[in-house]
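Each chain, letter by letter, is given below.
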Amino acid sequence: TDAESDTDQDLDGKAEGNMETSVPKLYLQACKLLGVVPVSYFIRNHDSTTMTLTHHGLGPLGCKALAIALVSDMHINTLELADNQIQAEGAKYLLEMMKANLTVHHLDLSSNCLRSAGAPYVAQILVDNVSLKTLKLSGNEFTDDDAKYFADALSINSRLKELDLSHNEFRGKGGEHMGQLLANNEGMELLDLSWNHIRMKGAVAFCAGLRVNTCLKHLDLSWNGFGNEGALALGEALKFNNTLVHLNLNNNRITNEGVGMLCRGLEHNDTLQILQLAYNSLTVEGELALLTVVKKASQSALEEIDLCNVLVNESFMHLLELTCQEHPGLEVQYGGIGGFIAKKPPKRADPMKVIQDYLDERKLRLWDFFRNIDKDGTMRVPVDDFRRAVQKQSSIPLDRHHIEELIERLDRDRTGMVDYRGLSAISLQGLGRH
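Residues numbered from 1 in each chain as written. Predicted model: local features only at pLDDT ≥ 70, side-chain atom pairs only at ≥ 80, totals over all residues. Heavy atoms only, no water.

Some points on helix α16 (residues 383–392)
Argument step 1. Within the sequence span of α16, burial applies to V383, F386, R387, A389 and V390. For α16, the angular spread of the buried residues around the axis is 165°, confining them to a single face. (Buried < 20%, exposed > 50% of the residue type's maximum accessible area, 1.4 Å probe, protein only. Helix = DSSP H or I, 4+ residues; strand = E, 2+ residues; numbered from the N terminus. Arc of directions from axis to C-beta.)

Right under this line is the structure:
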């Protein structure tokens with residue numbers, strides 16, 4: 001139609017020919033021409049640096065009106081358009097806008113039903129635009145073949161720093177294309193591929209790209225199916241990769257055997273700081289193998305290991321103590337002490353008595369002890385904060401087993417919150433009163 005051709009020309013020339021026309025006025029004109037209802041939030045906040053239009057039901061034509069207005073916009077550097085049903089047609093209009101716009105650095109197109117028809121347009125944005133640093137494409141039903149568009153575009157684009165392709169449908173071929181992306185890209189620092197279906201051959205091919213990548217720092221592979229085969233390939237990649245800092249492998253069907261394979265790479269890696277392995281099929285055996293490698297590897301940079309759902313035993317606690325002497329910055333999250341070792345070692349001091357003596361000696365109250373993490377004075381703090389606070393008090397002779405025993409007593413219902421009024425009520429004779 002004539003109206004359609006007019007608005008197509010708008011994206012290329014109308015804004016340029018009407019520099020005196022304000023962005024809101026241009027937007028209202030476009031909405032009127034396209035027959036869509038204007039978004040009042042955009043008009044009210046058009047001069048903000050962040051434009052959040054999530055869940056506004058723009059649809060393809062609403063997106064077109066917005067694109068016309070943003071061709072010459074000089075304010076907005078973060079454009080959030082998640083869940084607007086813009087579809088492939090809307091992505092096409094955004095492509096035309098992003099060719100001209102040099103201000104938008106962060107673009108969120110998550111959950112927009114872009115599907116395979118929209119993938120080429122989004123990939124072309126990565127080729128034609130020179131300002132984009134962050135792109136979120138979560139939940140758009142992209143398939144294996146679509147992954148190639150992004151891999152090809154990012155072999156050219158070294159400016160994009162963060163890419164979120166989570167909650168899509170990449171499988172074997174998709175993993176291969178993502179591996180090619182990592183092998184050829186020279187700028188991306190964060191890649192989120194969580195909640196895809198990358199496993200087996202796809203996982204192995206992906207790791208081949210990770211092995212030679214020289215820029216990625218944060219990689220989220222959680223909720224895929226890497227399994228032991230993928231863990232073996234990751235271990236090989238970690239022998240050579242020297243940039244990755246954070247690796248999330250939560251929920252990837254990895255067993256103790258797979259952790260052993262991963263450890264072969266960790267023995268040689270000196271850059272990885274955070275490793276997440278929660279919700280895999282691990283037991284104490286796998287945990288001990290992991291901790292043993294960290295203890296022996298003097299060059300290890302690991303600062304945090306997430307095993308938050310796995311129960312540990314006393315042997316693990318002892319090894320953790322020894323490991324932390326070698327690597328004092330290390331934190332390991334685990335699910336608690338296992339029940340199969342019931343007896344406590346003889347002559348182990350009661351942790352509540354230890355804290356009581358510490359407070360008595362220094363004439364302190366519980367409030368003094370915890371005031372840095374309990375600013376509201378509720379005497380209830382998260383378990384992790386409680387654990388860190390006690391660990392930092394080097395003058396209190398409590399080992400990790402003591403601390404876990406305390407947590408078990410003060411969070412009997414496993415709510416994740418320590419109510420340390422229990423310390424006062426049970427054994428501290430009123431020291432907790434303010």
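Describing the nonpolar core
Soluble globular proteins: nonpolar side chains tend toward being buried together.
Argument step 1. By size, the foremost hydrophobic cluster in this structure holds 102 residues, and its most contacted members are F42, L137, F150, L163, F206, L275 and L277.
Argument step 2. Of all the elements, helix α4 (residues 59–70) adds the most residues to this core, at 7 residues.
Argument step 3. Setting aside anything within four residues of it in sequence, one finds F206 in contact with G175, M178, G179, L182, L191, L193, L219, L221 and F226.
Argument step 4. Among the nonpolar cores identified, the runner-up in size contains 16 residues, and Y358, V390, I407 and L410 belong to it. (Core = buried A, V, L, I, M, F, W, Y, C linked by side-chain atoms within 4.5 Å. Contact = heavy atoms within 4.5 Å.)

Observations concerning the packing of helix α5 (residues 87–100) against helix α6 (residues 115–128)
Argument step 1. Look at α5 against α6: their axes get within 8 Å of each other, and the N-to-C directions meet at 10°. Between α5 and α6, the crossing angle belongs to the class labelled roughly parallel. Across from A88, A91, K92, L94, L95, M98 and K99 in α5, the residues of α6 making contact are A117, G118, Y121, V122, Q124, I125 and D128.
Argument step 2. Of the residues contributing to the contact of α5 with α6, the split by class is 9 nonpolar, 2 polar and 3 charged. (Axes fitted to C-alpha atoms, helices over the stretch in contact; angles between N-to-C directions. Parallel < 35°, antiparallel > 145°, perpendicular 65-115°, else oblique. Nonpolar A, V, L, I, M, F, W, Y, C, P; charged D, E, K, R; others polar.)

Digging into the pattern of salt bridges
Argument step 1. Here the structure, examined in full by the defined rule, presents 7 salt bridges.
Argument step 2. E141 is paired through a salt bridge with R115; the nearest N and O atoms lie 3.1 Å apart. With E141 in the loop between β4 (134–136) and α7 (144–153) and R115 in helix α6, this residue pair connects regions lying 26 residues apart in the sequence.
Argument step 3. Of the residues examined, E141 reaches a relative accessible area of 33% and is grouped as partly exposed. (Salt bridge = Lys/Arg side-chain N within 4 Å of Asp/Glu carboxyl O.)

Structural notes on the environment of H327
Argument step 1. Structurally, the position occupied by H327 is in the loop between α13 (314–326) and β11 (331–334).
Argument step 2. On the basis of relative accessibility, which here comes to 9%, the residue H327 falls in the buried class.
Argument step 3. The sequence separation of H327 and A301 amounts to 26 residues, and the corresponding C-alpha distance is 8.6 Å.
Argument step 4. Dropping the residues within four chain positions of it, H327 is found in contact with V294, K295, A297, S298 and S300.

Focus on the side chain of N228
Argument step 1. Structurally, N228 is set in helix α10 (residues 227–240).
Argument step 2. For N228, a relative accessible area of 18% gives the class buried.
Argument step 3. Residues within four places of N228 in sequence aside, it is in contact with R253, I254, T255, E257, G258 and M261.

Section: unusual backbone geometry
Argument step 1. Phi angles above zero are rare outside glycine, and R115 is one such case at about 55°.
Argument step 2. Classification of R115 as partly exposed rests on a relative accessible area of 39%.
Argument step 3. Look at M200: it is not a glycine, yet its phi comes out positive at around 50°.
Argument step 4. Checked against the element boundaries, M200 lands in helix α9 (residues 200–212).

The quantities given are spatial measurements derived from coordinates; they are silent on function.
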